[in-house]
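Residues per chain are reported as follows:
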Amino acid sequence: MSQLKDVSLATREKPNRMANLLATKPLNLLMEEARETGEHSLKRTLGVFQLTALGVGAIIGAGIFVMVGLGAQYAGPGLTLSFVLSGLGCAFAGLCYAEFAAMIPLAGSAYTYAYATLGELLAWIIGWDLTLEYAMGASTVSSGWSNHFIELLNIFHIRMPLWLAYDHWTALKTAEKVIARQMALASDSSLVPGTQVFLDKVMAIMNAQSPELLQRAHDLLGAPHLFGMEIGFNLPAFIIALVITAILVVGIKESARFNTGIVVIKVSVVLFVIALGSRYIQSSNWGVDWSSFAPHGFAGIGAGAAYIFFAYIGFDAVSTTAQEAKNPQRDLPIGMIASLAICTVLYIAVAAVLTGMVHWQQINIEAPVARAFLDRGLTTASHIITLGALAGLTSVMLVMLLGQTRVLYSMANDGLLPKKFFAAVHPKFRTPWKNTILVGLLAAIVGSLTPIDDIGKMVNIGTLLAFVIVSISVMVLRHTNPSQPRPFRTPWVPLVPILGVISNGYMMYKLGWVNWARLIIWLVIGLVVYFAYGQKHSRVQALQAASGGRPGSD
């Protein structure tokens, strides 16, 4: 960092200085930053267990109890193979992340790796893209957390007004769905809630938007009015985001302890589901041959894998804590790979139990695991599953907010964002407290006022873009810095990185043009911010100008 600080302001003020948008950040500067200590640096307190717990905390959310239902509609009992394929897709990117995390033990994740290999502009793009993954992801999760919290309250017969449980648009849609379900059952008593036929009937009623449906929905909503308009505010989502923010401000060690406690709870719930559910397995539900095991063939297994792939997203957030790991060269690769392996095994086991308990065509799509237990009279088990989903989302939110603040911290240290705010470290807590509070407030506000479903879809494409760039970066750095010490080496380069690019790029393609359009719009906004501020204050470009304009000069 001293070389960056010594660059005179005069260098920055040369009127004709041309910005080198592909300037890379020299590895010697990265390593110098990694060795920094003192009250203005992040505190190294995380061991391999805490890092693995952060990975598991980020990966396992409510999806394990929900996505298995939809995945089974594509893959049938072959859903277990879908989880294997999805796990392999993530493993390719994970091995590339592990090499970088061990070699460049800095906060910033894919942003830092891209800066060292592909240049400043691409680094900015991926840093801005990670904001899409982490900040918007945290807002999405806060909204999902609220749904499960309300479900938990319902167990104890506590009812929250819809207008205080959701944003206005979601609350009205929820009210319409409740009325539509009532109307569907009233029109045909033979319908079974949760089945595809029932859901199709409910959707048809909602799409018709009859006056009766709308009037009854508004009556059920009962929202107060402000300036003649109904209002809605997701209070649980707002509160949980602020609570998580406060925990993150207090310190990384305290945050890791809290996360570890939550992870123990949710993994215990998953193991409980596997142990109890295995007693109700009927092997005939798995099929007797390939056609009954994979009713839609390998194409169905592949389609199931594409859908449930997003259940794995989150392990990359572990790499954002590199500057807070005690022994990052050894522990970060272990933490990422171990968390992926643990979650893959748990996912496969849950899929096997569910498809063994219930024939794949009868699996409830809305709440597959909980309904499988309820149908056997195991009401307490379904309540425990709700608790597990709530715990899962809590830790996911914590790790996402943690990852976002560390990426902003790295970008600010490089001058691409205002350093006095985004890189300010609290002298006592040793956390980037100002940007943590800002990110937490934004997540709370967006999660409480916005219909987050569509924004949540952007998280997936942003994450996959990060995976693709990291896979490319490994190959680039092997060529440009072959002699750089690598405590962990991605095996079978370039095969593994190429497979990472192909598999994750294919997933991006499958997300459709709407999500591509959203991603492009988001990145254009980011480029405006970069050229208006970041490019003018870049410390790496200032250093390069001072050293004669040699790209990546040491």
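Refer to the structure above for everything that follows.
First things first, this report covers the structure right here in the doc. Only a predicted model underlies this, so the values are computations on that prediction, with no experimental measurement involved.

### Section: the overall build of the protein chain
Item 1. When helices and strands are tallied, the protein chain shows 25 helices and 2 strands.
Item 2. Computed over C-alpha atoms, the radius of gyration of the protein chain comes to 24 Å, within 12% of the 24 Å expected from 2.2 N^0.38 for 554 residues, which places it in the range of a compact globule.
Item 3. By its C-alpha atoms, the protein chain is 80 × 65 × 40 Å across when sized along the principal axes.
Item 4. Counting all 554 residues of the protein chain, 57% fall into the buried class.
Item 5. Carbon and sulfur atoms make up 67% of the accessible area of the protein chain, which totals about 22,600 Å².
Item 6. Looking at charge distribution, the protein chain has the averaged site of its 37 positive side-chain charges lying 8 Å from that of its 29 negative ones.

### Describing the packing of helix 6 (residues 79-103) against helix 16 (residues 297-308)
Item 1. Between helix 6 and helix 16, the shortest axis-to-axis distance is 8 Å and the interhelical angle comes to 55°. In terms of orientation, helix 6 lies oblique with respect to helix 16. Seen from above, helix 6 lies across helix 16 with right-handed handedness. Contact with helix 6, carried on its side by Leu79, Leu81, Ser82, Phe83, Leu85 and Ser86, involves Phe298, Ile301, Gly304, Ala305 and Ile308 of helix 16 and no other residues of that element.
Item 2. Within the contact of helix 6 with helix 16, the residues separate by chemical class into 8 nonpolar, 3 polar and no charged.

### Examining the nonpolar core
Note on soluble globular proteins: their nonpolar side chains tend to be buried together.
Item 1. Counting 139 residues, the largest nonpolar core has Phe65, Tyr97, Phe315 and Phe373 as the members making the most contacts within it.
Item 2. The dominant element in this core, judged by the number of residues it contributes, is helix 19 (residues 379-413), at 17 residues.
Item 3. Setting aside chain neighbours within four positions, we find Phe65 in contact with Val269, Val270, Val273, Pro368, Val369, Ile385, Gly388 and Ala389.
Item 4. In terms of nonpolar packing, the next biggest core, distinct from the first, is built from 12 residues, Leu191, Phe198, Val202 and Met206 among them.

### Here we look at the packing of aromatic side chains
Item 1. Under the defined criterion, the tally for this structure stands at 16 aromatic pairs.
Item 2. The interplanar angle of 50° and the centroid separation of 5.3 Å between the aromatic rings of Phe83 and Tyr347 together place this pair among those described as tilted. With Phe83 in helix 6 and Tyr347 in helix 17 (residues 328-357), this residue pair connects regions lying 264 residues apart in the sequence.
Item 3. The interplanar angle of 10° and the centroid separation of 4.7 Å between the aromatic rings of Phe100 and Tyr113 together place this pair among those described as stacked. Highlighted residues: Phe100 in helix 6 and Tyr113 in helix 7 (residues 110-117), separated in sequence by 13 residues. In this pair, the class of Phe100 matches that of Tyr113, namely buried.
Item 4. Put simply, the rings of Trp124, Trp128, Trp522, Tyr530 and Phe531 touch in pairs and so form one group of aromatic residues.

### A look at empty space enclosed by the protein
Item 1. The tally for this structure, following the rule as stated, stands at 3 cavities of 30 Å³ or more.
Item 2. Within this model, the largest cavity holds a volume of roughly 100 Å³.
Item 3. Lining the largest cavity are 15 residues, and of these Lys25, Glu33, Leu106, Ser410 and Asn413 sit closest to its centre.
Item 4. If you list the elements that add at least two residues to the lining of the largest cavity, you get helix 3 (27-34), helix 7 and helix 19.
Item 5. Broken down by class, the residue content of the lining of the largest cavity amounts to 7 nonpolar, 4 polar and 4 charged.

### Points about the pattern of salt bridges
Item 1. In total, this model carries 7 salt bridges according to the counting rule given.
Item 2. Measuring nitrogen to oxygen at the nearest pair gives 2.9 Å for the salt bridge that ties Glu99 to Arg486. Here the residue Glu99 occupies a position in helix 6, and Arg486 occupies one in the loop between helix 22 (453-480) and helix 23 (495-510), the gap between them amounting to 387 residues. Side by side, Glu99 and Arg486 carry an identical accessibility label, which is buried.
Item 3. Between Arg330 and Asp331 there is a salt bridge; the shortest N-O distance is 3.0 Å.
Item 4. Overall, the relative accessible area of 3% leaves Asp331 in the buried class.

### A closer look at helix 13 (residues 235-250)
Item 1. Taking 1.5 Å per residue, 16 residues should reach 22 Å; helix 13 reaches 23 Å between its end C-alpha atoms and fits that length.
Item 2. Within the sequence span of helix 13, burial applies to Pro236, Ala237, Ile240, Ala241, Ile244, Thr245, Ile247, Leu248 and Val249.
Item 3. On its buried side, helix 13 packs onto helix 8 (120-155), helix 9 (162-165), helix 14 (252-277), helix 19 and helix 21 (433-449).
Item 4. Structurally, the start of helix 13 carries an N-cap: the backbone nitrogen of Ala237 is 3.1 Å from a side-chain oxygen of Asn234.
Item 5. Gly251 lies just past helix 13 and shows a positive phi near 155°.

### Thoughts on unusual backbone geometry
Item 1. Residues Val493 and Pro494 are joined by a peptide bond in cis, for which omega reads 15°.
Item 2. Turning to its location among the elements, Pro494 is positioned in the loop between helix 22 and helix 23.
Item 3. Positioned with a positive phi, Arg430 is a non-glycine residue whose angle comes to about 55°.
Item 4. Topologically, Arg430 is positioned in the loop between helix 20 (419-422) and helix 21.

### Considering the environment of Ala423
Item 1. With respect to the helices and strands, the residue Ala423 is situated in the loop between helix 20 and helix 21.
Item 2. Taking the C-alpha atoms as reference points, Ala423 and Leu408, 15 residues apart in sequence, are found 7.5 Å from one another.
Item 3. Setting aside residues up to four positions removed in sequence, Ala423 forms contacts with Tyr409, Ala412, Asn413 and Pro418.

### Regarding a positive patch on the surface
Item 1. Taken together, the side chains of Lys43, Lys253, Arg257 and Lys326 make up a positively charged region of the molecular surface.
Item 2. Arg257 gets classed as exposed once you look at its relative accessible area, which sits at 55%.

### Overview of the packing of helix 4 (residues 48-59) against helix 14
Item 1. Packing of helix 4 against helix 14 leaves a shortest axis separation of 9 Å and a crossing angle of 60°. Between helix 4 and helix 14, the angle is such that the two are oblique. In the packing of helix 4 onto helix 14, the handedness of the crossing is left-handed. Side by side, helix 4 and helix 14 meet where Phe49, Gln50, Ala53, Leu54, Val56 and Gly57 of the first sit next to Ala256, Asn259, Thr260, Val263, Lys266 and Val267 of the second.

Criteria and cut-off values
Residues numbered from 1 in each chain as written. Predicted model: local features only at pLDDT ≥ 70, side-chain atom pairs only at ≥ 80, totals over all residues. Heavy atoms only, no water. Helix = DSSP H or I, 4+ residues; strand = E, 2+ residues; numbered from the N terminus. Rg over C-alpha atoms; globule rule 2.2 N^0.38 Å. Buried < 20%, exposed > 50% of the residue type's maximum accessible area, 1.4 Å probe, protein only. Areas by Shrake-Rupley, 256 points an atom, 1.4 Å probe, with all protein chains shown as cover. Lys, Arg positive; Asp, Glu negative; His and termini not counted. Charge placed at Lys NZ, Arg CZ, Asp CG, Glu CD. Axes fitted to C-alpha atoms, helices over the stretch in contact; angles between N-to-C directions. Parallel < 35°, antiparallel > 145°, perpendicular 65-115°, else oblique. Left-handed = near helix turned anticlockwise from the far one by under 90°. Contact = heavy atoms within 4.5 Å. Nonpolar A, V, L, I, M, F, W, Y, C, P; charged D, E, K, R; others polar. Core = buried A, V, L, I, M, F, W, Y, C linked by side-chain atoms within 4.5 Å. Phe/Tyr/Trp six-rings, centres within 6.5 Å; stacked < 30°, edge-to-face > 60°. 1 Å grid on protein atoms, 1.4 Å probe; cavity = no way out; pocket = protein on both sides within 12 Å on 5 of 7 lines; lining within 4 Å. Points joined across faces, edges and corners; volume = space filled by probe spheres on them. Salt bridge = Lys/Arg side-chain N within 4 Å of Asp/Glu carboxyl O. Expected span 1.5 Å × (residues − 1). Polar contact = N/O pair within 3.5 Å; in protein donor to acceptor, adjacent residues only side chain to side chain. Patch = residues over 30% accessible without salt bridge, like charges linked within 9 Å, V, L, I, M, F, W, Y side chains within 5 Å.

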